[in-house]
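# Analysis of the macromolecular model
The lines below spell out each chain.
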Amino acid sequence: MQELVRKNIRALQPYSCARDEFRGREAHVFVDANESPFNTGYNRYPDPLQEEIKSLLAPIKNVHPDEIFLGNGSDEAIDLVYRVFCEPRVDNVVAMAPSYGMYEVCANINDVEYRKVLLDENFHLHADAMLSAADDHTKVMWICSPNNPTGNDMDRKEVKRLLDEFPGILVVDEAYIDFSSLRSLRELVRLYPRLIVLNTFSKAWASASVRLGIAFAQSEIIALFNKVKYPYNINLLTQQYALDLLRNSEKIQRWTNDVKREREIVVPALKEVKCVVKVYPTDANFVLVKVTDAVRIYNYLVDRGIVVRNRNNVQLCGNCLRITIGNKEENNEVLGALRSF
Ligand SMILES: *Cc1c(COP(=O)(O)O)cnc(C)c1O
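What you see is a predicted model; the values in this text were computed from it and never measured.

Calculation criteria
- Residues numbered from 1 in each chain as written.
- Predicted model: local features only at pLDDT ≥ 70, side-chain atom pairs only at ≥ 80, totals over all residues.
- Heavy atoms only, no water.
- Near = heavy atom within 4 Å.
- Polar contact = N/O pair within 3.5 Å; in protein donor to acceptor, adjacent residues only side chain to side chain.
- Areas by Shrake-Rupley, 256 points an atom, 1.4 Å probe, with all protein chains shown as cover.
- Nonpolar A, V, L, I, M, F, W, Y, C, P; charged D, E, K, R; others polar.
- Pairing = 2+ DSSP bridges.
- Helix = DSSP H or I, 4+ residues; strand = E, 2+ residues; numbered from the N terminus.
- Domains from an automatic or database assignment.
- Contact = heavy atoms within 4.5 Å.
- Buried area = accessible area lost by both parts, 1.4 Å probe.
- Salt bridge = Lys/Arg side-chain N within 4 Å of Asp/Glu carboxyl O.
- 1 Å grid on protein atoms, 1.4 Å probe; cavity = no way out; pocket = protein on both sides within 12 Å on 5 of 7 lines; lining within 4 Å.
- Points joined across faces, edges and corners; volume = space filled by probe spheres on them.

## Digging into the site of the ligand
Around the ligand sit 14 residues, and of these Asp173, Tyr176, Ser202, Lys203 and Arg211 come closest. In this structure, an oxygen atom belonging to the ligand sits 2.9 Å away from a side-chain N or O atom of Asn148. Between the ligand and Thr200, the relevant distance is 2.6 Å, taken from an oxygen atom to a side-chain nitrogen or oxygen of the residue. Here the ligand loses 94% of its free accessible area of 390 Å² to cover by the protein chains. Classifying every residue of the shell around the ligand by side-chain character gives five nonpolar, five polar and four charged.

Here is the structure:
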């Protein structure tokens, strides 16, 4: 494992914040952090390791608290993967394509070569192709399942092969796993020391605006993330919000079921629309649809106040629109507009 970590990160002496040093002891006078003594509710620095959130999240996700990293969105965890493992201009990563744009943007920001391996025409992953693209400097592989923007789960057999045969870090982004019938891979981090699984509060958990992403990995990787992250990366407002959601988490399952039920109505309805050429199978809360003329239909929908995602310029997604499953009224409006195109 340590072989895969950048030398400067291995040697890094992390910033030790006032709250780190005090942890675990009793005190009633806090004059260690140059905070204001005036109680606004927010005058103290927050817990840098968000331990209360992790203790409530761990049983829900069926992992141990020290297998959890919380970030300012999944995007923070994605960026940390590069900063911890990839030496700029030396190392490279291999990623399935098309997939989520942030993997490539963060590679470019960190000056790390990004090697794309196209899915097949049915958007299936082939481990052989990923392994062939790798060399001695490939530190990381990116898998997204269910995949954005295609919507489908990646074949478990292929992902397992990468877990067994790729000697670097395998990241599986499961932002949409709650909408899939497959079981999350996060419980496998106990068996695979080089596996990182990403989840988020942004999709099924209905909390995109608070920016809270989750990475699951063995404690050795989590410790590396904690060492490199900004000390107080999750602010107290977000932590309080998350605790409240976790204490009332039964509604998340209800929301997820509602979206899945709507998906079962929207997908067959889309197949009957004249300007729809193909509806790709989806395991997510959105559906990729090939239409007769994506640019014209996109603009037509915008004129009616409806915004979908135009994926026309994405490899393998010519003339495709990505449509999120909304509530019943929203879905009916989208379907009605498409029918009258
Ligand atoms: C939406 C999405 C995320 C979530 O990102 P956040 O920064 O947590 O909001 C992560 N991965 C993929 C593939 C996504 O589509």
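## Let's talk about the sheet that holds strand E10 (residues 309–310)
Across a sheet, paired strands are connected by hydrogen bonds in the backbone, their directions being either parallel or antiparallel. One open sheet accounts for four strands, arranged E8-E9-E11-E10; its pairing is antiparallel. Every interior strand has two partners, whereas the edge strands, strand E8 (276–279) and E10, have only one. Bridging between E8 and strand E9 (residues 286–291) involves three bridges; their strand directions are antiparallel. Looking at E9, one finds that Val279 is bridged to Val289.

## Things to note about the domain arrangement of the protein
One can read the domain layout of the protein as domain 1 (7–247) and domain 2 (251–339). Put simply, the middle of domain 1 and the middle of domain 2, counted by C-alpha atoms, are 29 Å apart. Residue-level contacts link 23 residues of domain 1 with 21 residues of domain 2. The three residues of domain 1 that bury the most area against domain 2 are Phe123, Pro149 and Phe179, which together make up 33% of that side's buried surface. Scanning the region where domain 1 abuts domain 2 turns up zero salt bridges.

## With respect to the pattern of salt bridges
Two side chains with opposite charge may pair up if their charged atoms get near one another. Scanning all chains against the criterion turns up 18 salt bridges. Each of Glu113, Arg115 and Asp135 takes part in a single network of salt bridges with overlapping partners.

## Things to note about empty space enclosed by the protein
For the coordinates displayed, the defined rule picks out one cavity of 30 Å³ or more. Surrounding the largest cavity, Val266, Leu270, Ile323, Asn331, Val334 and Leu335 form its lining. For the lining of the largest cavity, the secondary structure elements donating two or more residues are helix H10 (250–271) and helix H12 (328–339). Considering every element that reaches the lining of the largest cavity, the biggest residue donor is H12, with three residues.

## So, the layout of surface pockets
Roughly 510 Å³ of internal volume is contained in the largest pocket. Lining the largest pocket are 22 residues, and of these Ser99, Tyr100, Gly101, Asn148 and Arg311 sit closest to its centre. Among the secondary structure elements, those contributing two or more residues to the lining of the largest pocket are strand E2 (92–97), helix H5 (102–109), strand E3 (113–118) and strand E11 (320–324). When its residues are assigned to classes, the lining of the largest pocket shows ten nonpolar, six polar and six charged. Both domains that meet at the lining of the largest pocket, namely domain 1 (7–247) and domain 2 (251–339), each give it at least three residues.

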